[in-house]
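Structural overview for review
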Amino acid sequence: MSDPTSTNPLYRSRQRRDRLATLLITAGGIGVLLTVIAIAVFLLVEVVPLFWPGADGMSLSALWSAPGTSGEAEFRWLPHRLEEGVVAQASLAPLLWGTLEAAIWALIVAIPLALGAAAHSSLYMTPGLRARMKPTLELMEAMPSVVLGFIAGLVLGPWVERHLAEAVSVVLLLPLAMITLALGHRRLPVPVQRYLSLNSAALWLLPCLLLLVLAAVQLAPLWESWWFAGDLREWVEQRWGLDVQARNAMIVGLAMGFAVIPGIYALAEDALSDVPRNLAEGAQAMGATRWQTLTRVMLPIALPGIFSAIMIGAGRAVGETMIVLMASGNSALMTATPLDGLRSLASSIAIELPEAAPGGTHYRLLLLAALALFLFTFLMNTLAELVRARLRQRFRRSRGDT
Amino acid sequence: MKIPGHTAVGSKTLRRPHEGPWAWLAAASVALSVLMLGALIVLLSVKGLANFWPSTLHEVILDDGDTVIGVPFEQRTLPGGEGVERRYWIANRDDGGGIWRWLSVPRLASDQTPDDLVVLERRHWGTFFGRLVAVRLEGERLTGEAAWLAMEQRLKELDALRQARQQLTRDDILPLIRRMEREPSSSETQHRLDDRQLQALQARAKELRRLQQGGVLVLENSQGQRQEQPLEEVLDAWRPNAMAWYEKLGHWGGELWQFLSEGPRDANTAGGVWPAIFGTILMVLLMSVLVTPFGVLAAVYLNEVAHQGRLTRLVRIGVRNLAGVPSIVYGVFGLGVFVYGIGGSIDRWFFDSSLPSPTFGTGGLLWASLTLALLTLPVVIVATEEGLSRIPLHQREGALALGATRFETLTRVVLPMAMPAMLTGLILAVARAAGEVAPLMLVGVAKLAPQVPVDGEFPFLHLERKFMHLGYHIYDAAFHSSDVQAAMPLVYATALLLVVVILVLNLTAIFMRHYLRKRHGAPVRR
Amino acid sequence: MSSVSHFAATSRRIVMLLWLGWVAWLPLPATAHDVAGALNAVGSDTMAELMLRWGEQFEEQRPGVRLQLQVAGSASAPPALIAGTTLLGPMSRPMQDDEKAAFAARHGYAVTPVVVGKDALVVVVNRHNPLERLNRQQLDAIFSDTLACGAEESIDHWQQLGLDDPQGSIHLYGRNAVSGTHGLFRRRALCDGEFKVSVTVSAGSAAVVAAVGDDPRGIGYVGLNHLNADVREVAIADGQRDVRPERQALRDGDYPLVRDLLIYVNRPPETPLPEVERAFLDMVLSPSGQRVVKELGFVALSPSALMAQRRALGLPALAREER
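What counts, and at which threshold
Residues numbered from 1 in each chain as written. Chains lettered and ligands numbered in written order. Predicted model: local features only at pLDDT ≥ 70, side-chain atom pairs only at ≥ 80, totals over all residues. Heavy atoms only, no water. Helix = DSSP H or I, 4+ residues; strand = E, 2+ residues; numbered from the N terminus. Buried < 20%, exposed > 50% of the residue type's maximum accessible area, 1.4 Å probe, protein only. Contact = heavy atoms within 4.5 Å. Areas by Shrake-Rupley, 256 points an atom, 1.4 Å probe, with all protein chains shown as cover. Domains from an automatic or database assignment. Buried area = accessible area lost by both parts, 1.4 Å probe. Salt bridge = Lys/Arg side-chain N within 4 Å of Asp/Glu carboxyl O. Polar contact = N/O pair within 3.5 Å; in protein donor to acceptor, adjacent residues only side chain to side chain. Nonpolar A, V, L, I, M, F, W, Y, C, P; charged D, E, K, R; others polar. Disulfide = S-S within 2.5 Å. Pairing = 2+ DSSP bridges. Axes fitted to C-alpha atoms, helices over the stretch in contact; angles between N-to-C directions. pLDDT = per-residue confidence, 0-100. Phe/Tyr/Trp six-rings, centres within 6.5 Å; stacked < 30°, edge-to-face > 60°. Parallel < 35°, antiparallel > 145°, perpendicular 65-115°, else oblique. Left-handed = near helix turned anticlockwise from the far one by under 90°.

We now examine the overall build of chain B. In terms of regular secondary structure, chain B is built from 13 helices and 13 strands. The buried share among the 526 residues of chain B stands at 54%. Across chain B, the fraction of contacts at a sequence separation of at least 24, relative to all contacts at a separation of at least 6, is 66%. As presented, chain B carries roughly 22900 Å² of accessible surface, and 60% of it is formed by carbon and sulfur atoms.

Many authors give the size of an interface as the accessible area that is lost as the parts come together. Residues and elements named next belong to chain A. Domain boundaries in chain A define domain 1 (9-48), domain 2 (60-88) and domain 3 (93-159 + 244-399). Contacts between domain 1 and domain 3 engage seven residues on the former and seven residues on the latter. Sorting the residues of domain 1 by area buried against domain 3 places Leu43, Glu46 and Val47 first, and these three jointly supply 70% of that buried surface. Taken together, domain 1 and domain 3 are joined by one salt bridge. There are one residue pair in polar contact (both at pLDDT 80 or more) connecting domain 1 and domain 3. Grouping the amino acids of the side of domain 1 that touches domain 3 by side-chain chemistry returns six nonpolar, no polar and one charged.

By definition, a disulfide is the covalent link that joins the sulfur atoms of two cysteine residues. Residue and element names in this part refer to chain C. Per the stated rule, a full pass over the model turns up one disulfide over all chains. Each disulfide pairs two cysteine sulfurs, and for Cys149 the partner residue is Cys191, the sulfurs being separated by 1.8 Å. Across the disulfide from Cys149 to Cys191, rotation about the S-S bond amounts to roughly 110 degrees, and the bridge is consequently right-handed. In this pair, Cys149 sits in the loop between α5 (136-143) and β6 (171-175) while Cys191 sits in the loop between α6 (180-188) and β7 (200-202), placing the two residues 42 residues apart along the sequence. A relative accessible area of 31% means that Cys191 is categorised as partly exposed.

Moving on, we get to the sheet that holds strand β4 (residues 100-104) of chain B. All names here are of chain B. Taken together, five strands build an open sheet; the order of strands is β4-β3-β2-β1-β5 and the sheet is antiparallel. Because the sheet does not close on itself, it has two edges, and the strands there are β4 and β5 (108-112). Strand-to-strand twist of the sheet, defined as the mean angle between neighbouring strand axes without regard to direction, takes the value 45 degrees. Looking at chain direction, strand β1 (residues 58-62) and β5 are connected through four bridges and run antiparallel. Across the sheet, Val60 pairs through a bridge with Asp111, a residue of β5.

One can read the domain layout of chain B as domain 1 (58-118), domain 2 (132-243) and domain 3 (274-521). Look at where the C-alpha atoms of domain 2 of chain B and domain 3 of chain B centre, and you get two points 43 Å apart.

With that settled, consider the pairing of strand β3 (residues 84-89) of chain B. Residues and elements named next belong to chain B. Sheet analysis places strand β2 (residues 67-77) next to β3, joined by six bridges and oriented antiparallel. The partner of Val71 across the bridge, within β3, is Trp89. One ladder, built from five bridges, connects β3 with β4; its direction is antiparallel. Its bridge partner lying in β4, Arg86 is registered against Leu103.

Within chain B, residue pLDDT values average 83, and 90% of them lie at 70 or more. Low confidence marks residues 1-13 of chain B, where pLDDT is under 50. Its contacts with residues over four positions away, or in another chain, come to nine contacts.

With that settled, the discussion passes to the packing of aromatic side chains. Two aromatic rings are characterised by how far apart their centres lie and by the angle between their planes. Tallied over the full model, the rule gives 25 aromatic pairs over all chains. Centroid distance B:Trp89 to B:Phe129: 5.0 Å. Interplanar angle 75 degrees. Geometry classified as edge-to-face. Of this pair, B:Trp89 sits in strand β3 while B:Phe129 sits in strand β7 (residues 127-137), placing them 40 residues apart in sequence. Residue B:Trp89 is classed as partly exposed on the basis of its relative accessible area, which comes to 23%. By relative accessible area, B:Phe129 is classed as buried at 2%. Ring geometry for C:Phe143 and C:Phe185: centres 5.2 Å apart, planes at 75 degrees, overall edge-to-face. In this pair, C:Phe143 sits in helix α5 while C:Phe185 sits in helix α6, placing the two residues 42 residues apart along the sequence. Among the residues examined, C:Phe143 registers a relative accessible area of 0% and is labelled buried. Taken together, the ring pairs connect A:Phe42, B:Phe333, B:Phe338 and B:Trp367 into an aromatic cluster.

Taken together, the contacts link 99 residues of chain A with 91 residues of chain B. Between chain A and chain B, a total of about 8700 Å² is buried, with carbon and sulfur atoms accounting for 78% of that surface. It is A:Ile25, A:Leu139 and A:Phe150 that lose the most area in chain A upon contact with chain B, and together they represent 7% of the buried surface on that side. Where chain A touches chain B, the interface holds two salt bridges. A salt bridge links B:Glu408 to A:Arg14; the nearest nitrogen and oxygen atoms lie 2.7 Å apart. Where chain A touches chain B, the interface holds eight residue pairs in polar contact (both at pLDDT 80 or more). A total of 19 residues in the side of chain A that touches chain B trace back to one element, the largest contributor, which is helix α1 (residues 9-47) of chain A.

Attention now moves to the packing of helix α7 (residues 164-185) of chain A against helix α1 (residues 21-50) of chain B. With their axes 9 Å apart at the nearest point, α7(A) and α1(B) run at an angle of 130 degrees to one another. Considering their axes alone, α7(A) and α1(B) lie oblique with respect to each other. Note on packing geometry: the crossing formed by α7(A) with α1(B) is right-handed. Residues A:Leu174, A:Pro175, A:Met178, A:Ile179, A:Leu181, A:Ala182 and A:His185 of α7(A) lie in contact with α1(B), whose contacting residues are B:Pro21, B:Trp24, B:Leu25, B:Ala28 and B:Leu32.

Another point: the interface of chain C and chain A. With 26 residues of chain C at the interface, the matching set in chain A holds 24 residues. Taking both partners together, chain C and chain A bury about 2100 Å²; carbon and sulfur atoms supply 45% of that area. Summed over the shared surface of chain C and chain A, the number is one salt bridge. Linking chain C with chain A are one residue pair in polar contact (both at pLDDT 80 or more), by the criterion used here. When residues of the side of chain C that touches chain A are traced back to their parent elements, those giving at least two are β6, α6, β7 and α7 (205-214) of chain C.

A few words now on unusual backbone geometry. Residue and element names in this part refer to chain B. Positive phi, close to 50 degrees, is recorded for Ala91, a residue that is not glycine. Within the fold, Ala91 resides in the loop between β3 and β4. Given the relative accessible area of 1%, Ala91 is considered buried. One non-glycine residue with positive phi stands out, namely Trp125, at about 65 degrees. Topologically, Trp125 is positioned in the loop between β6 (117-122) and β7.

Before going further, it helps to spend a moment on the side chain of A:Arg343. Residues and elements named next belong to chain A. Positionally, Arg343 belongs in the loop between α14 (322-327) and α15 (345-352). What makes Arg343 buried here is its relative accessible area of 7%. Looking at Arg343, its side chain comes within polar contact range of the side chain of Ser348, at 3.1 Å. Side chain to side chain, Arg343 and Glu352 meet in a polar contact 2.8 Å long. Ignoring sequence-local partners within four residues, the contact set of Arg343 consists of Trp77, Pro94, Leu95, Gly98, Thr99, Asn330, Ser331, Ala332, Ser348 and Glu352.

All names here are of chain B. Counted according to the given criterion, the structure contains 42 salt bridges over all chains. Between Arg162 and Asp159 there is a salt bridge whose closest N-O contact spans 3.9 Å. In this pair, Arg162 and Asp159 are both assigned in helix α2 (residues 144-182), three residues apart and thus about one turn of the helix distant. Residue classification places Arg162 among the buried positions, given a relative accessible area of 16%.

And the structure:
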């Protein structure tokens with residue numbers, strides 16, 4: 001039996017409109033998705049001529065290193081030489097190295113802080129505090145990188161160079177003080193213990209940490225004069241041959257770590273919260289502490305999720321431009337010392353691309369760098385996303401079982 | 001039954017086992033992160049806002065009798081480790097010694113803050129510190145307090161004259177010239193009439209300019225040398241040491257307003273950031289106009305229209321991952337495809353006459369907005385999709401059961417319900433776009449855009465023009481200005497402004513999302 | 001939306017061209033008539049602030065005249081001049097031969113360079129550094145590892161310069177490879193050699209000054225207009241004589257690291273310039289225009305050089321009191 005409304009002209013026009021709209025939406029949606037693919041295609045198409053055997057064709061080995069003036073292979077990024085037609089010395093190796101170095105230092109800063117924060121907020125924090133703390137940490141992510149770069153490059157970097165002892169003192173004193181606190185906390189009278197509980201530690205530790213930092217800065221000249229003859233920088237140089245530059249990999253790492261923390265934190269926190277509650281409760285019922293629950297029960301389950309969080313953080317760190325541009329020395333060095341400058345792919349692109357002649361070798365080399373960044377981050381993120389999706393499925397199944 | 005977690009179970013009767021140091025380190029990492037965020041914001045606020053406060057002028061006499069008038073800025077230990085040196089802002093660039101001076105503190109014999117020290121803000125040579133000796137005005141020579149009052153009076157007049165002249169140029173002369181340019185084919189009499197009118201207006205402008213002349217300040221710098229300063233070049237004058245706190249507060253407000261409402265001066269080291277604010281807003285607006293329809297379309301397609309199979313899931317992952325692609329890559333894409341590709345073609349087709357100097361074939365407002373729209377597309381798609389997936393299936397089924405078509409269900413039921421989610425996405429996109437600098441460096445931001453992209457000239461909105469941007473202004477002033485130290489206070493203030501804008505946007509988004517979650521509950525996962 | 005604006009902009013351009021043609025053809029009234037309209041300039045960003053200040057000053061003298069400045073780097077000036085879209089092209093480097101040839105091929109006459117000021121690069125050290133002078137070989141040995149100027153070994157430590165106050169290694173600060181400053185220093189000071197890899201590269205000259213000002217062991221090179229109290233300039237030794245980047249040495253050409261600030265003008269020989277451009281250059285090459293050059297930290301032209309430039313452009317000699 002046919003639908004009586006189907007003969008209604010109004011209904012038919014509505015139907016037609018519906019089909020048209022669906023078509024439009026489909027076209028629009030697919031168009032958007034195609035644009036997205038176009039990015040990869042564009043980069044690929046522009047980069048390929050670089051490897052064609054021809055006038056400006058480059059061999060893969062030239063991208064790595066080229067013979068320098070002394071005849072030995074050197075890793076030098078001298079793009080301006082490309083246009084002058086002199087020996088091409090445009091090795092991407094130092095840029096790749098710089099990118100990796102910056103990312104690694106960022107992760108060294110970010111991973112402990114972010115994972116610690118995730119563990120604390122998923123296990124210990126009261127729900128009310130957590131509902132406030134999560135958005136606060138999200139705000140960290142919103143900080144424009146140009147501001148972070150400015151602070152790191154022009155304020156923090158020079159300060160650390162002048163006050164190396166103070167900086168070292170802060171970095172060393174904070175964890176020590178925390179361990180002391182952990183040991184001392186149980187000796188406190190019970191009411192104080194309850195008042196200064198671990199659940200609300202994120203709040204009452206704030207002023208304590210502030211005081212600690214101030215104390216560390218104040219104490220620094222003292223121990224500097226005791227142990228290092230009043231000048232730590234001098235001592236470091238004479239003892240280890242390390243030369244502290246104001247714009248170095250550690251400063252970049254710190255600023256970029258700041259930018260990466262919230263991303264890792266949010267995902268890791270999600271991963272921990274997704275662990276079925278009953279597992280954790282079971283462990284605690286058996287007498288495990290919450291920290292034991294975390295390390296023995298929750299962490300093994302949530303590990304893939306945490307891993308994916310770190311991968312996404314790594315993706316962000318690799319592609320970050322302004323922080324590296326402003327806080328690093330932009331010297332294309334290939335040294336492993338964290339106190340030297342570095343130069344990354346992204347910051348090279350940002351400075352040099354507007355001046356590179358489109359279609360030239362320099363232009364294509366920079367596009368190759370962009371392609372490398374694109375592929376790396378895309379792969380990282382896809383992997384992370386797949387891991388997360390699989391994990392979520394497993395949880396759903398395990399929840400269904402119980 | 002839901003067991004209430006591990007909050008207060010038996011904490012009275014049982015002593016909970018101790019957690020060990022790791023738990024405390026974890027707690028400290030939360031506190032440390034928050035502390036870093038707070039320190040950053042406090043630093044920016046203090047440094048950014050203190051800049052506008054009229055700082056006390058010091059008159060310092062050194063042990064060799066040299067006198068310096070200036071504002072102490074910072075203190076450093078001398079390289080040997082003994083003693084400190086202090087940086088003074090001594091202004092008076094026309095004296096030839098630069099605007100800074102380092103004094104080693106042990107050499108200071110006396111340090112006073114006399115009330116009669118004046119600060120002049122000038123159109124040439126920057127700020128002046130010193131004393132006002134006399135004012136010569138219309139043949140009269142005034143000294144002492146009378147001179148100060150006469151000068152203040154005259155400065156007000158000058159301000160009015162300057163504004164009148166600006167207004168005349170803006171409202172009468174430029175429109176007339178534009179009309180003459182637009183309608184050149186009218187009769188010769190008309191042309192002569194216009195010409196005469198233009199001459200009259202220009203004469204009036206010159207008259208206003210002439211009225212500003214005359215009036216000379218006799219000033220004395222720290223060395224006691226006299227110099228004459230034409231009054232017309234003085235923009236503002238104050239005596240910081242003689243001001244009461246409420247006067248200072250008023251001055252602070254005025255300076256803050258200038259910062260927000262005026263253009264940059266002295267190669268971006270002084271003046272305000274209005275063009276940068278304007279450019280940022282305009283670019284972000286254009287971007288929103290571009291990104292919203294496409295983002296929503298894609299999200300609706302993915303969530304409502306497309307068959308929910310493996311492919312859709314893959315596409316969804318792909319879109320999500322695009323949010324993680326570095327912004328500089330989008331910049332490269334924008335430069336290669338929009339600027340060189342599309343822009344170049346537009347130039348060849350429409351602006352052949354002006355080639356090889358590019359019109360659209362160089363970075364500009366349009367390309368920057370498009371690039372950022374692409375960059376923020378994933379943000380909008382993801383947020384909209386989340387909103388769509390929160391809408392219970394029965395809402396759609398109800399509408400369909402009542403005979404609505406799918407399109408009608410979409411526009412009347414689903415989209416209105418998903419509206420807050422879309423808005424959240426858009427706000428997040430705007431916040432991200434406002435703080436993004438790296439891609440803009442490739443596709444159209446300028447350190448100084450003499451012509452704003454919107455003006456009275458047809459077609460009013462100039463999409464091909466370059467524009468200024470708050471984030472880029474920070475980078476530029478911190479690295480490219482003639483003197484970083486002089487630009488630093490301004491950089492702090494600009495950074496604070498940018499951070500405040502972005503934080504407000506993000507907080508709005510957070511509150512909206514919070515409100516949404518409360519109203520609609522958890523998303524329906526597919 | 002955008003195609004409409006393209007069309008509108010094109011039509012606006014056509015209309016303006018028509019108007020300009022019509023005005024040129026029309027005999028203007030003999031009365032002293034102030035110029036009105038737009039003045040176009042395309043070119044250097046080093047000179048952007050300078051051009052803007054001149055534009056402001058010009059507008060004061062002639063209400064209603066607008067300077068439309070496109071700032072896209074020196075390289076953007078030649079194409080615009082060749083195409084005839086602008087008559088003025090500010091550049092912080094001299095035009096290359098191929099650019100000049102392209103201009104001559106298109107217009108049938110040579111482009112007219114007008115020197116409007118000078119800029120110099122100075123080598124700076126921290127304000128506490130006692131270093132007085134460096135000769136060309138030392139300079140090269142400090143900054144480069146190619147040693148193209150004839151030095152024998154690379155200089156990496158302050159001790160090698162006979163100093164014992166800043167101890168330890170020399171920290172190098174410089175500009176990024178795409179900047180004109182980098183190119184000029186590399187050609188003139190490094191004898192076309194190559195910088196050491198360890199140079200800390202800043203995106204701007206001001207950042208170099210700030211870094212050297214913070215670093216007692218630092219040395220860097222910057223534009224003259226960036227000097228401040230944080231750093232000290234170092235004289236370049238030329239034989240027995242020290243050449244400081246002072247005005248006289250710069251004007252006489254003794255100081256090696258100098259470049260001219262130029263405005264290239266499209267001007268057919270034996271034809272007077274259009275009124276607006278002529279008035280603008282008249283102002284630039286006047287004492288008040290040169291004051292702006294000085295104010296922004298560049299080096300103004302000497303009176304004789306100023307006269308020579310004015311004569312070449314067919315501008316009237318300056319009155320005595322104006323000098």
